[in-house]
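Letter by letter, the chains look like this.
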Amino acid sequence: MTTTAPAVPAPIGSKPADQSGPPRGAKLFKMLPLAPAIGLMLVFLAGPILYCVYAAFTNMALTGTGAANVQFVGLDNFRKAFGSHAFTNSIWLTLVFTLISAIIGQNTLGLGLALLMRRSTKVVRSFVGTAVIGAWVLPEVVAAYLLSAFFNTDGTLNVILHKVGLPGQDWLYAAPIIAVSIANIWRGTAFSMLVYSAALSEVPKEIEESAEMDGATGLRRLIFVTLPMISRAIMTNLMLITLQTLSVFGLIFAMTRGGPGTKSQTLPLYMYEQAFSFSQIGYGTAIALVMLAIGAVFSLIYLRGLNSEAA
Amino acid sequence: MIARDRVSKLTQNLVLLFLGVLFILPLLWVLFASVNRTAGLRVELPTDPTFANFKAVLNVTTTYRPVLNGIVLCGGSALLTMLCSVLAAYPLSRFKTKFNRPFLLTVLFCTGLPITAVMVPVYGLFVQLNLVDTLGGTILFMATSSLPFAIWLTKTFMDGVPISLEEAAWVDGASNMQALRRIVLPLMWPGIAVVGIFTFIGMWGNFFVPFMLLLSPERLPASVSIFTFFGQYGEPNYGQLAAYSLIYTMPVLLLYLLLSRKLGGAFALGGAIKG
């Protein structure tokens, strides 16, 4: 690995990338260091995804008929899914959860925090930064416990509400999907904040200042000058946090287990229940496939946004 | 004009401060409850602070073994991830081929792949390969699942090392791998550290993967064993839960502080996100 590779004769100043027609063998050899990564990803990512595609069309199960003899059942799993209330309910909850917690919550709050921090006093900035990032570095399950305690009937939220004369309630029971969404905002906003802080720090000051000279007010300056300049960061951030949020499992599982009933059962939790609690592997992978498809649709939308930006 | 500026600056600070307090409220609970003998669910200052909760959880089954398992699991995976991603990033960063762009786009797509969706077949694969409930198998999968992001990040950092330095080495007869080891790596160690620490932090908090792939209590990492606080015994001891949460969080907190101390606030992510 370290000694036998032939030296690449590259005259100083020319990029090896521009070499005209190196022999094919040499080219393959140069790409060899990719092999371990590709190998692992083929076995543990691509393999399972392909298997997902296969199993989704079978009646595979850990018990019953599907266990002894696996048969192709065509689109039955998907028909069953889209005809089932529990499944459409979980799709709906997943979209609500993603919209509230990622696209609106984390994204907007992260951008807001980053914008406010640019002009704030240093002490305030480091206090807020520490608080937000503190919530982010907490392990998933710990975060879930903290927020469960916060939203509990006897929890801090109700104590505060009572203090200001508002009625409290058992939030995890009354509005579980809102509670877990807020938990996800609390936990995930730091990522967007860091991304936007970095992006904003690269916006040249002169441009905003000259817009200010021209009489643009704060909001107009933000919409017409600042935001377009960080649009790439916005798209990338949206894509990453949307995909992360689609697959959130531990946070919801530890807070509500999907309940009460199925009131916070998002797709990952529904899939887990069907595949592992009820042993319906075929049906479970069909759901997984739907999840991958939703993720792919979101990615394509954002990638389009990125590309049209780059062009 | 100046007066208006000052007012707006004050408002901004106040809004920011308010948001910060909202973020810190749930955190206060864990701090106070951990030293409170009779901790409940609300934030309250302990009247008689005590380390009894910490003493109660600091034993082999509750804390030491799960934390050690976590270190083995996450440390092993992070090392494997770093090794593979450094190797993979080198050709991607140094040699421009037709293969690069589609590969990098695939990697970017995999970055956001809902890992929860892949877990059903991965579990099946592990059953077939007899890897269920083995630390080695779990390390392999955890390393793989963090590879896409790590490759992306490492490549971005490597792009920042000027290629001219290597060209000199190549002229002197160094191989690619020698150039990588002797020239590129020493120049980008902060980047490598960022990748490693990020990977580790991500895995340390990961609940679902070890929850699915490991079964025996003596192999479970802290992220899963924390569940045992809500066992069959009904109401958990919140003080002990809080104390344990703090102990479990400590390693990532220290790593994160190290990271931000060494490399400054918003550091790496910006570079990674620029793409």
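Residues numbered from 1 in each chain as written. Chains lettered and ligands numbered in written order. Predicted model: local features only at pLDDT ≥ 70, side-chain atom pairs only at ≥ 80, totals over all residues. Heavy atoms only, no water.

*Asks:* I'd love a proper account of the overall build of chain B, names of residues and values included.
*Replies:* The secondary structure content of chain B amounts to 13 helices and zero strands. Going from the N terminus to the C terminus, chain B shows its helices and strands as α-α-α-α-α-α-α-α-α-α-α-α-α. Taking the principal axes of its C-alpha atoms as reference, chain B extends roughly 70 × 70 × 30 Å. Residues classed as buried in chain B amount to 53% of the 275 residues present. Taking as baseline every contact in chain B between residues at least 6 positions apart, the subset at least 24 positions apart corresponds to 71%. (Helix = DSSP H or I, 4+ residues; strand = E, 2+ residues; numbered from the N terminus. Buried < 20%, exposed > 50% of the residue type's maximum accessible area, 1.4 Å probe, protein only. Contact = heavy atoms within 4.5 Å.)

*Asks:* How would you sum up the layout of surface pockets? Please name residues and give values.
*Replies:* Its boundaries defined by the atoms lining it, the largest pocket holds a volume of some 1200 Å³. Along its surface, the largest pocket is lined by 41 residues, and Met 117, Arg 125, Gly 129, Thr 130 and Ile 133 of chain A are the ones closest to its centre. Only α5 (85–119), α6 (122–137), α10 (176–201) and α11 (205–213) of chain A together with α1 (2–34) and α12 (238–263) of chain B provide two or more residues apiece to the lining of the largest pocket. Counted as a void, the second largest pocket has a volume near 740 Å³. Forming the boundary of the second largest pocket are 24 residues, of which Arg 119, Gly 218 and Arg 221 of chain A together with Ser 8 and Gln 12 of chain B lie nearest the centre. (1 Å grid on protein atoms, 1.4 Å probe; cavity = no way out; pocket = protein on both sides within 12 Å on 5 of 7 lines; lining within 4 Å. Points joined across faces, edges and corners; volume = space filled by probe spheres on them.)

*Asks:* An account of the side chain of Gln 274 of chain A is needed here, citing residue identities and associated values.
*Replies:* For Gln 274 of chain A, the location among the structural elements is in helix α15 (residues 267–277). If sequence neighbours within four positions are ignored, Gln 274 of chain A has contacts with Ser 279, Gln 280, Tyr 283 and Ile 287 of chain A.

*Asks:* I'd love a proper account of the confidence of the model for chain B, names of residues and values included.
*Replies:* Residues and elements named next belong to chain B. Per-chain confidence: chain B averages 84 in pLDDT, with 91% of residues scoring 70 or above. Scored below 50 in pLDDT, residues 265–275 makes 30 contacts in the model with residues more than four places away or belonging to other chains. With pTM at 0.83, the complex prediction returns an ipTM value of 0.83. (pLDDT = per-residue confidence, 0-100.)

*Asks:* Now, about the packing of aromatic side chains: what can you tell me, with residues and values included?
*Replies:* Scanning the model with the defined rule gives 33 aromatic pairs over all chains in all. Ring centres of Tyr 272 of chain A and Phe 208 of chain B lie 6.3 Å apart, and the angle between their planes is 70 degrees; on these two criteria the pair is classed as edge-to-face. One end of the pair, Tyr 272 of chain A, is in helix α15; the other, Phe 208 of chain B, is in helix α10 (residues 208–213), on a second chain. The same class applies to Tyr 272 of chain A as to Phe 208 of chain B, namely buried. Put simply, the rings of Phe 249, Phe 253, Tyr 272 and Phe 276 of chain A together with Tyr 123, Phe 207, Phe 208 and Phe 211 of chain B pair up and form one aromatic cluster. We note Lys 30 of chain A situated over the ring of Phe 95 of chain B; from NZ or CZ to the ring centre the distance is 4.3 Å. Looking at Lys 80 of chain A, its charged tip hangs above the ring of Tyr 283 of chain A, at a distance of 4.0 Å from the centre. (Phe/Tyr/Trp six-rings, centres within 6.5 Å; stacked < 30°, edge-to-face > 60°. Lys NZ or Arg CZ within 6 Å of the ring centre and 35° of its normal.)

*Asks:* Pulling in residues and values, what's your account of the pattern of salt bridges?
*Replies:* Residues and elements named next belong to chain A. Taken as a whole, this structure holds four salt bridges over all chains when the rule is applied. Two residues, Arg 79 and Asp 76, come together in a salt bridge whose shortest N-O distance is 3.0 Å. One end of the pair, Arg 79, and the other, Asp 76, are both in helix α4 (residues 76–83), three residues apart, so they sit about a helical turn from each other. For Arg 79, a relative accessible area of 57% puts it in the exposed group. (Salt bridge = Lys/Arg side-chain N within 4 Å of Asp/Glu carboxyl O.)

*Asks:* I'd like to hear about helix α8 (residues 176–187) of chain B, residue by residue, with values.
*Replies:* In this model, α8 of chain B (12 residues) spans 15 Å end to end at C-alpha, consistent with the 16 Å of a helix rising 1.5 Å per residue. Along α8 of chain B, the residues classified as buried are Asn 176, Met 177, Gln 178, Ala 179, Leu 180 and Val 184 of chain B. (Expected span 1.5 Å × (residues − 1).)

*Asks:* Quick one: what's the story with the nonpolar core, residue by residue and with numbers?
*Replies:* In terms of nonpolar packing, the biggest core is built from 167 residues, with Phe 87, Trp 136, Leu 146, Trp 186 and Met 255 of chain A together with Ile 226 of chain B touching the most fellow members. By residue number, the principal contributor to this core is helix α16 (residues 281–310) of chain A, which donates 14 residues. Counting 15 residues, the second largest nonpolar core, distinct from the first, contains Ala 89, Tyr 90, Leu 180 and Ile 192 of chain B. (Core = buried A, V, L, I, M, F, W, Y, C linked by side-chain atoms within 4.5 Å.)

*Asks:* How would you explain the interface of chain B and chain A if you had to name every residue and give the values?
*Replies:* Taken together, the contact between chain B and chain A spans 94 residues of the former and 99 residues of the latter. In total, about 8500 Å² of surface goes out of reach between chain B and chain A, with carbon and sulfur atoms giving 81% of it. Scanning the region where chain B abuts chain A turns up zero salt bridges. Where chain B touches chain A, the interface holds two residue pairs in polar contact (both at pLDDT 80 or more). Per-element accounting of the side of chain B that touches chain A gives the leading share, 17 residues, to α1 of chain B. (Buried area = accessible area lost by both parts, 1.4 Å probe. Polar contact = N/O pair within 3.5 Å; in protein donor to acceptor, adjacent residues only side chain to side chain.)

*Asks:* Explain a negative patch on the surface to me, and be specific about the residues and the numbers.
*Replies:* Together, Glu 206, Glu 209 and Glu 212 of chain A together with Asp 5 of chain B line one region of the surface with negative charge. Among the elements that make up the negative patch, the one with the highest residue count is α11 of chain A (three residues). Relative to the helices and strands, Glu 209 of chain A is located in helix α11. You can call Glu 209 of chain A partly exposed: its relative accessible area is 43%. (Patch = residues over 30% accessible without salt bridge, like charges linked within 9 Å, V, L, I, M, F, W, Y side chains within 5 Å. Areas by Shrake-Rupley, 256 points an atom, 1.4 Å probe, with all protein chains shown as cover. Lys, Arg positive; Asp, Glu negative; His and termini not counted. Charge placed at Lys NZ, Arg CZ, Asp CG, Glu CD.)

*Asks:* Outline a nonpolar patch on the surface, listing residues and values.
*Replies:* On the surface, a nonpolar cluster with roughly 420 Å² of combined accessible area is contributed by Phe 127 of chain A together with Leu 10, Leu 14, Leu 17 and Val 21 of chain B. The topology assignment puts Leu 17 of chain B in helix α1. Classification of Leu 17 of chain B as partly exposed rests on a relative accessible area of 35%.

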